[in-house]
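# Analysis of the macromolecular model
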Amino acid sequence: MPYTSLTWHRAHDLAYRSGHPLAAETVPVDRAIGRVLAGDVTAVAPVPPVDSAVMDGWAVAGPGPWTVLEVDAGPERSRPERTREDAVLHRMRWVRGLTLADGQAVRVRAGALLPARTAGVLVLDRGRVDETGRLTRAPHAQQDEPAPGDHVRRTGEEATTGETVLTGGTTLTPAHVAWAASCGLDMVAVLRRPRVTLVITGAGLAAHGVPEPGTVRDVFGPQLGAYVAALGGTVIGMHHVGLDDRALLAQLGTDAADERQIREATGDVVITTGGTGGSTRHEVRGALAAAGAEILIDGVAVQPGHPLLLARLADGRMLVALPGHPLAAMTGMLTLVAPLLAGLAGAAVPRPGHVRLGADVPAGMRTRLIPYTLDGGVALPSRWRAAGMLRGFAEADGVLICPRDGGETGEVLEEITLPW
Ligand SMILES: Nc1nc2c(c(=O)[nH]1)N[C@H]1C(S)=C(S)[C@@H](COP(=O)(O)OP(=O)(O)OC[C@H]3O[C@@H](n4cnc5c(N)ncnc54)[C@H](O)[C@@H]3O)O[C@H]1N2
Ligand code: MOO
């Protein structure tokens, strides 16, 4: 038996837990932002991989004064096309093979590789080189500087080879990806994004312009794909299904007979809109029953979005049926689709935040999901919050989860921040 009239929190939790994490795939690090790591990532080399200078100056060994060693000009010197980069690379190769003896120094720039046996870096304005190439400390420098290790970034000071540098389950940010790159990684294993098929049902849905009286402009076609993407899914197909064909919902999947149906059958989630409430309430449910689907949730105790459905199809895919009323569908995405996709993607459960009310909300029949705007740090509930309205949601900074008893100005309520 499906759960009926579940509380928002229980429905949200059940949707999260009903999605089993998908298989992993390996992707280049720079394509992994926003993806969820399939497992721990370890450093393939120490970070940093070599000792390097933090400041411009001289790498020195021994107490000083020092003789500043100079690289010879190199074999390419005579070549007219020799670039500055050639010279830098030539110098780098020279430093790589160099071991300083006590009393020797080499000029270095910030970030540059240090020769072996470097004790520390004497900062540029704290040393003087005379015309014979002899380096001494400037009059204002301390007599024992640089101290051992001064201005040196040591090999492995951030991470050692094999150390765990990112943990599985992390949703990768640009900063994570930069860190993975500096740990020497080219590829990372991430969980596959959930693949979603959209099925928009209804009669008289107009794709363009101002609809004739009695028809409606389709508001799901233009935005559900982007909404799904913002929640971490990938839309693999979008279908418009007329009223007479709602029963066809049952066929989207298992009995694939052509290439298109096979593609759909490999998806993970089906989202339908319309046909969930009132006179049409048997249409989607009937199609699901005919397909042998297991209905997990039939109705959530919220407004708008009460007639939401969550089902598991016979082939294992999950189906969310959203109501046709536009705001009810939009908030239904936050109630069931956001946690379902997070669960499938292996990401953490999206937890509600908190915000202080800037106006009273009267009591209602159920928990209400109310679009709000932030004004000076407090939440102003939108006037445009009925199930058929989109204006409040379009302007919103988030959606309040307002209890049945309502809320008073100054009270802190739970809220869901929008994913865009
Ligand atoms: N007698 C009862 N009537 C209704 C009940 C009820 O319990 N008893 N529940 C109401 C609630 S709550 C909701 S929510 C709606 C759910 O409606 P459906 O899911 O059946 O949606 P449709 O009938 O397919 O469409 C309703 C309405 O929504 C608009 N719509 C639909 N699709 C689109 C679209 N792609 N773009 C823009 N607008 C769309 C359109 O105005 C439809 O007429 O049921 C209540 N009724
Ligand atoms: O749940 Mo319905 O969304 O109130 O109109």
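The rules behind each value
- Residues numbered from 1 in each chain as written.
- Chains lettered and ligands numbered in written order.
- Predicted model: local features only at pLDDT ≥ 70, side-chain atom pairs only at ≥ 80, totals over all residues.
- UniProt positions renumbered as here; feature names shortened; annotations may be inferred.
- Helix = DSSP H or I, 4+ residues; strand = E, 2+ residues; numbered from the N terminus.
- Axes fitted to C-alpha atoms, helices over the stretch in contact; angles between N-to-C directions.
- Parallel < 35°, antiparallel > 145°, perpendicular 65-115°, else oblique.
- Left-handed = near helix turned anticlockwise from the far one by under 90°.
- Contact = placed C-beta atoms within 7 Å.
- pLDDT = per-residue confidence, 0-100.
- Domains from an automatic or database assignment.
- Nonpolar A, V, L, I, M, F, W, Y, C, P; charged D, E, K, R; others polar.
- Near = placed C-beta within 6 Å.
- Buried ≥ 20, exposed ≤ 12 C-beta atoms within 10 Å, placed from the backbone.
- Arc of directions from axis to C-beta.
- Core = buried A, V, L, I, M, F, W, Y, C linked by C-beta atoms within 7 Å.

In the numbering adopted here, UniProt assigns the feature "transmembrane region" (unreviewed entry) to residues 327-349. End-to-end, the C-alpha atoms of residues 327-349 are 23 Å apart, and along that stretch the chain is 83% helix and 0% strand.

On to the packing of helix 1 (residues 8-18) against helix 7 (residues 326-345), then. Following both chains from N to C, one finds helix 1 and helix 7 inclined at 30 degrees, their axes separated by 6 Å at the closest point. Between helix 1 and helix 7, the angle falls in the class roughly parallel. Of the two elements, helix 1 crosses helix 7, and the hand of that crossing is right-handed. For the pair helix 1 and helix 7, contact is made by Trp 8, Ala 11, His 12, Ala 15, Tyr 16, Arg 17 and Ser 18 and by Thr 335, Leu 336, Pro 339, Leu 340, Ala 342 and Gly 343, respectively.

Averaged over the protein chain, the pLDDT score is 90; the fraction of residues at 70 or greater is 93%. ipTM for the predicted complex: 0.97, alongside a pTM of 0.80.

With that settled, the discussion passes to the domain arrangement of the protein chain. Under the domain assignment used here, the protein chain contains domain 1 (3-22 + 192-345), domain 2 (28-46 + 164-191), domain 3 (52-153) and domain 4 (353-417). For domain 1 and domain 4, the distance between their C-alpha centroids amounts to 25 Å. Taken together, the elements giving at least two residues each to the side of domain 1 that touches domain 4 come down to strand 20 (302-303) and helix 7. Of all the elements, helix 7 adds the most residues to the side of domain 1 that touches domain 4, at six residues. Here the residues of the side of domain 1 that touches domain 4 are counted per class, giving ten nonpolar, five polar and no charged.

Let us look at the environment of Thr 99. Position of Thr 99 among the secondary structure elements: in the loop between helix 2 (84-96) and strand 7 (104-108). Those residues in contact with Thr 99 that sit more than four places away from it in its chain are Pro 115, Ala 116 and Arg 117.

So, on to the site of ligand 1. Around ligand 1 lies a shell of 23 residues, among which Gly 274, Gly 277, Gly 278, Pro 323 and Gly 324 are the nearest. Residues belonging to the shell around ligand 1 are distributed by class as follows: eleven nonpolar, eleven polar and one charged.

His 176, Val 177, Trp 179 and Ala 180 are the residues of helix 3 (residues 174-182) that are buried. Viewed along the axis of helix 3, the buried residues span an arc of 160 degrees, placing them on a single side of the element. The exposed residues of helix 3 that point more than 90 degrees off its buried face are Pro 174, Ala 175 and Ala 181. Residues of helix 3 that are buried in the fold lie against strand 3 (41-42), strand 12 (164-166) and strand 13 (187-191). Once helix 3 finishes, Gly 184 follows within two positions and takes phi at roughly 90 degrees, a positive value.

The next subject is the nonpolar core. Residues Ala 180, Ile 271, Val 320, Val 337 and Leu 340 are the most contacted members of the largest nonpolar core, which totals 83 residues. The element best represented in this core is helix 7, accounting for 14 residues. If sequence neighbours within four positions are ignored, Ala 180 has contacts with Val 29, Val 41, Leu 166, Leu 185 and Val 188. Of all hydrophobic cores here, the second largest spans 16 residues; its members include Ala 53, Trp 58, Leu 100 and Ala 119.

Turning our eyes to something else, we now look at the environment of Met 330. Along the chain, Met 330 falls in helix 7. Exposure remark for Met 330: the 28 C-beta atoms within 10 Å place this residue in the buried category.

Right, let's talk about helix 1 for a bit. Given 3.6 residues to a turn, an α-helix orients residues that are three or four positions apart in the same direction. Turning to helix 1, its buried residues number three or more, namely Trp 8, Ala 11, His 12, Ala 15 and Tyr 16. Buried residues of helix 1 fall within an arc of 135 degrees about the axis and therefore sit on the same side.

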